[in-house]
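# Understanding the architecture of this molecule
If you want the building blocks of each chain, they are given just below.
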Amino acid sequence: MATLHLGDIVPDFETETTSGTIRFHDWLGSSWGLLFSHPADFTPVCTTELGRVANLNEEFKKRNVKCLAISVDPLDSHKKWINDINETQNANVQFPIIADPERKVAELYDMIHPNALATQTVRSVYFIDPNKKLRAQITYPASTGRNFAEILRVIDSLQLTDNYQVATPADWQQGDECVIVPSIKDPEEIQTKFPQGYRQLKPYLRMTPQPNLKKK
Ligand code: BEZ
């Protein structure tokens, strides 16, 4: 396992999942990908997390994101556990869960952090763009369930950057002003790219209405 850095093409693999065998890059196609690990099946926090991802299906779909979960549990365990997730979280898990008892994918993606959990995956999340590049990554311990609203917020920020050349400031939420990336300096280019206008607080700090929304 080599260290994965932002901007790297993520490693490809073939694996068993609850939706059959997949080759990761082919399965992603032209979508964004969210690959996320959990420590173990039939555990409380993980049950709430996978239920949450299932219940956010429409939000991921809107953003052209395919979700793929993974733990080191075997396929039959995942299949039984899905019934519990659906029952207790009022969900319908449709996304695949990788069965990785030999830890091939877990090790390829450095999801096992032995000083935290000896043999299980921690709560890693890999945000992958349609070019298969790693665009963001977060890691939480087993005891902290992830905030999937924050995960959607990160996806929105990445997609705004790709589509409109804006960055998002601290605590940005949908509808808030965005930041014009510092690499754009030419005033004519700014006028063309940001027709809704902008506020210049400093030459390096220029705020513009969120470009994919009409000004209120
Ligand atoms: C949980 O999902 O609740 C969990 C899993 C492993 C360790 C601690 C908590």
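Nothing here was measured: the structure is a model prediction, and the numbers come from that model.

This paragraph deals with the overall build of the chain. Scanning the chain for helices and strands turns up 7 helices and 11 strands. On the principal axes, the C-alpha backbone points of the chain span a range of 60 × 40 × 35 Å. Looking at the chain alone, contacts between residues at least 24 apart form 65% of all its contacts between residues at least 6 apart. On the chain, the mean spot of the 24 positive side-chain charges and the mean spot of the 27 negative ones are 7 Å from each other.

Once the domains are mapped, the chain shows domain 1 (14-146) and domain 2 (164-208). Here domain 1 and domain 2 have C-alpha centroids that lie 35 Å from each other.

Moving on, we come to the state of the cysteines. All told, the structure shown has 0 disulfides when counted by the stated rule. No disulfide involves C67; its sulfur sits 16 Å from that of C46, the nearest cysteine.

Okay, the side chain of R63 next. With respect to the secondary-structure elements, R63 resides in the loop between α3 (57-62) and β4 (65-71). The exposure class assigned to R63 is buried, which follows from its relative accessible area of 14%. Among the polar contacts made by the side chain of R63, one reaches the side chain of E59 at a distance of 2.8 Å. In terms of polar contacts, R63 uses its side chain to reach the side chain of D156, at 2.6 Å. Residues within four places of R63 in sequence aside, it is in contact with W32, L152, I155, D156 and Q159.

Around the ligand sit P39, T43, P44, V45, C46, R123 and A142, and that is every residue in its neighbourhood. Interatomic distance of 3.3 Å between a backbone N/O atom of P44 and an oxygen atom of the ligand. Contact distances for the ligand include 3.1 Å between an oxygen atom and a side-chain N or O atom of R123. Within the complex, the protein chains bury 76% of what would otherwise be the 260 Å² of accessible surface of the ligand. The greatest single-element share of the shell around the ligand, amounting to 3 residues, is contributed by helix α2 (residues 44-55).

Two elements, strand β1 (residues 14-17) and strand β2 (residues 20-23), share 4 bridges in a ladder whose sense is antiparallel. Across the sheet, residue T15 finds its bridge partner in β2, namely I22.

What follows concerns the pairing of strand β10 (residues 199-202). Relative to strand β11 (residues 205-208), β10 is paired through 3 bridges, and the arrangement is antiparallel. Its bridge partner being in β11, Q200 is matched across the sheet by R206. Between the end of β10 and the start of β11, which pair antiparallel, lie 2 residues.

For the structure shown, the criterion picks out 7 aromatic pairs. Judged by centre distance (4.7 Å) and plane angle (10°), the rings of F13 and F24 are stacked. Here the residue F13 occupies a position in the segment before β1, and F24 occupies one in helix α1 (residues 24-28), the gap between them amounting to 11 residues. In textbook terms, an aromatic cluster arises when at least three aromatic residues are bridged by ring pairs, as seen for F13, F24, W27, Y109 and Y126.

Criteria and cut-off values
- Residues numbered from 1 in each chain as written.
- Predicted model: local features only at pLDDT ≥ 70, side-chain atom pairs only at ≥ 80, totals over all residues.
- Heavy atoms only, no water.
- Helix = DSSP H or I, 4+ residues; strand = E, 2+ residues; numbered from the N terminus.
- Contact = heavy atoms within 4.5 Å.
- Lys, Arg positive; Asp, Glu negative; His and termini not counted.
- Charge placed at Lys NZ, Arg CZ, Asp CG, Glu CD.
- Domains from an automatic or database assignment.
- Disulfide = S-S within 2.5 Å.
- Buried < 20%, exposed > 50% of the residue type's maximum accessible area, 1.4 Å probe, protein only.
- Polar contact = N/O pair within 3.5 Å; in protein donor to acceptor, adjacent residues only side chain to side chain.
- Near = heavy atom within 4 Å.
- Areas by Shrake-Rupley, 256 points an atom, 1.4 Å probe, with all protein chains shown as cover.
- Pairing = 2+ DSSP bridges.
- Phe/Tyr/Trp six-rings, centres within 6.5 Å; stacked < 30°, edge-to-face > 60°.

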